[in-house]
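These are the residues of each chain, in order.
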Amino acid sequence: MVWVNLGLDHFEDINEPELSLDCHESKVTKVSCGGNHSVVLLDDGSVLGCGDNSKGQLGFGGDSLVKSWQKVFDKNGMIVKDIVCGWEFTVIIDSFNGVYSCGEGLKGELGLGPDIRSSQQLSLVYQIPQGYQGKLFGSLNNCVLMLYNDEECKVYGWGANTKEQLLEPKSRKVSSPRLLLEFDNTNAQAQDSTVAEVSMGKDFIVVVDSKREIIDMRGKLPSGFVKERWLGERVECIGSMWTSIHLIQNGRMISFGNDKYKQLSRSGSTELKRFSTGSEHGVGMLEDGKVISWGWGEHGNCGELNGGNTSEFSKLYEPRGETDLYGGYATTWIVEHENEETVG
Amino acid sequence: MSTYDQIEIEDMTFDPDTQIFSYPCPCGDRFQVFIDDLYDGDDVAVCPSCSLMIQVIFDKDDLTEYYEEAGSQPPEPIAVAA
């Protein structure tokens, strides 16, 4: 089963970046990938999607495969502020601060209550109260919603909970948004911090605050990544593959977890400026601006590797302008801003 | 045999019609294994689209409820001539 989730109108794996989308009038602000569907969020609030829509994960029924980039989530002039994809589902926040989901989620991923496992169109999960902004994070079977304003920050989660990645004790699923943690900035202990980022692996989550300190970690953590050692540590960059975690601390990469496909091969490296993670590979930028990748590259997602896994940095691309990097399910995305091109 | 990961059976999806357990593969396809293969002690689920495999963690007793759900029986033991 191969889907055209690169927006390239063919089913083949590619091992060299190809131009997938060329935007002239708007800027790409985010790329998010599910198991076999991909979405691109533009700064005008529109969303382009492609790939598998058999479960309605692109927000409409009747067309199980979207072969090339197509406007999605545009009913009633909807303006999308944030979006995240999981295995076969998508969650968005619109300009009225409504949180909506669609697709299929057998483990509570839609957040629509215990009885709803699929929805071919967007359904309201949660209405963010006035005065808050929302931000989404996602993984295979989970979604996390962060609400924040100047005074406080709340983090909600839903989806699979068999590894206590959301809440203790473990449960088969959390089928509607549940509060995971909250901060009150007027509390001296919180010291004006807020949640900045939630890094999510397959069965774990790690929360980083605005001072870049790790403040919470839950679930089946990658082996060697010990709570007592890492809580409170400051990191410049963090990213989770399904079964490993990667941090840049004081300019040095530190990785923990599954190394069967060389996922941990960059541990100790001081060359990476920043990086992003896919299901089992990483894509990063070196000091000199070159885009590289490492880890499991069987589908060409780490470039020309003879289909293998790389412990060396595999040089993927030399961007000409400002660049954002994203990893999907064995897919790699480079957004180059100067000419506003997305290569997949 | 080196598997990519170990997955507990409770995290897998069982389809009573096809009698297959499946679990997402990082490539976007699904690892799959027949319930009868698990019953016979073959605990490896394979992905049809790539080289990755997972080891399924389960007790044989766990399978009873899935056989009931599928309305079927475990395979008969192969008769061994004395």
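Residues numbered from 1 in each chain as written. Chains lettered and ligands numbered in written order. Predicted model: local features only at pLDDT ≥ 70, side-chain atom pairs only at ≥ 80, totals over all residues. Heavy atoms only, no water.

- Under an unreviewed UniProt entry, the name given to chain B is Diphthamide biosynthesis protein 3, and the organism recorded is Vanderwaltozyma polyspora.
- The UniProt entry for chain B carries the following text under Pathway (unreviewed entry): "Protein modification; peptidyl-diphthamide biosynthesis."
- Among the UniProt annotations of chain B, the heading Sequence similarities (unreviewed entry) holds the following wording: "Belongs to the DPH3 family." (UniProt positions renumbered as here; feature names shortened; annotations may be inferred.)

- As recorded in an unreviewed UniProt entry, chain A goes by Protein ATS1 and comes from Vanderwaltozyma polyspora.

1. Some words on the overall build of chain B
Now for step 1: Helix and strand counts for chain B come out as 2 helices and 6 strands.
Now for step 2: When its helices and strands are written in sequence order, chain B yields β-β-β-β-α-β-β-α.
Now for step 3: Along the longest, intermediate and shortest principal axes, the C-alpha atoms of chain B span 45 × 30 × 20 Å.
Now for step 4: Buried positions account for 43% of the 82 residues belonging to chain B.
Now for step 5: Once local pairs closer than 6 in sequence are excluded, the contacts in chain B between residues at least 24 apart make up 43%.
Now for step 6: Surface accessibility of chain B: about 4,500 Å² in total, with carbon and sulfur atoms responsible for 47%. (Helix = DSSP H or I, 4+ residues; strand = E, 2+ residues; numbered from the N terminus. Buried < 20%, exposed > 50% of the residue type's maximum accessible area, 1.4 Å probe, protein only. Contact = heavy atoms within 4.5 Å. Areas by Shrake-Rupley, 256 points an atom, 1.4 Å probe, with all protein chains shown as cover.)

2. Brief notes about helix α2 (residues 63–70) of chain B
Note: α-helices contain 3.6 residues per turn, so residues at a spacing of three or four share the same orientation.
Residues and elements named next belong to chain B.
Now for step 1: Regarding α2, the residues found buried are L63, Y66 and Y67. One face of α2 carries all of its buried residues, which in axial projection span an arc of 100°. Relative to its buried face, α2 has exposed residues pointing more than 90 degrees away, namely E65 and E68.
Now for step 2: Where the residues of α2 are buried, they touch β2 (13–15), β3 (20–24) and α1 (35–39). (Arc of directions from axis to C-beta.)

3. What to know about the sheet that holds strand β12 (residues 152–161) of chain A
Pairing between the strands of a sheet comes from backbone hydrogen bonds, and it takes one of two forms, parallel or antiparallel.
Residue and element names in this part refer to chain A.
Now for step 1: The strand order across the open sheet formed by 4 strands is β10-β11-β12-β13, and the pairing between neighbours is antiparallel. The sheet is open, and its two borders are formed by β10 (133–139) and β13 (171–184), each paired with just one other strand. Each strand of the sheet is rotated relative to its neighbour by a mean of 15°, with strand direction disregarded.
Now for step 2: When β10 meets strand β11 (residues 142–148), the two strands line up antiparallel, connected through 7 bridges. (Pairing = 2+ DSSP bridges. Axes fitted to C-alpha atoms, helices over the stretch in contact; angles between N-to-C directions.)

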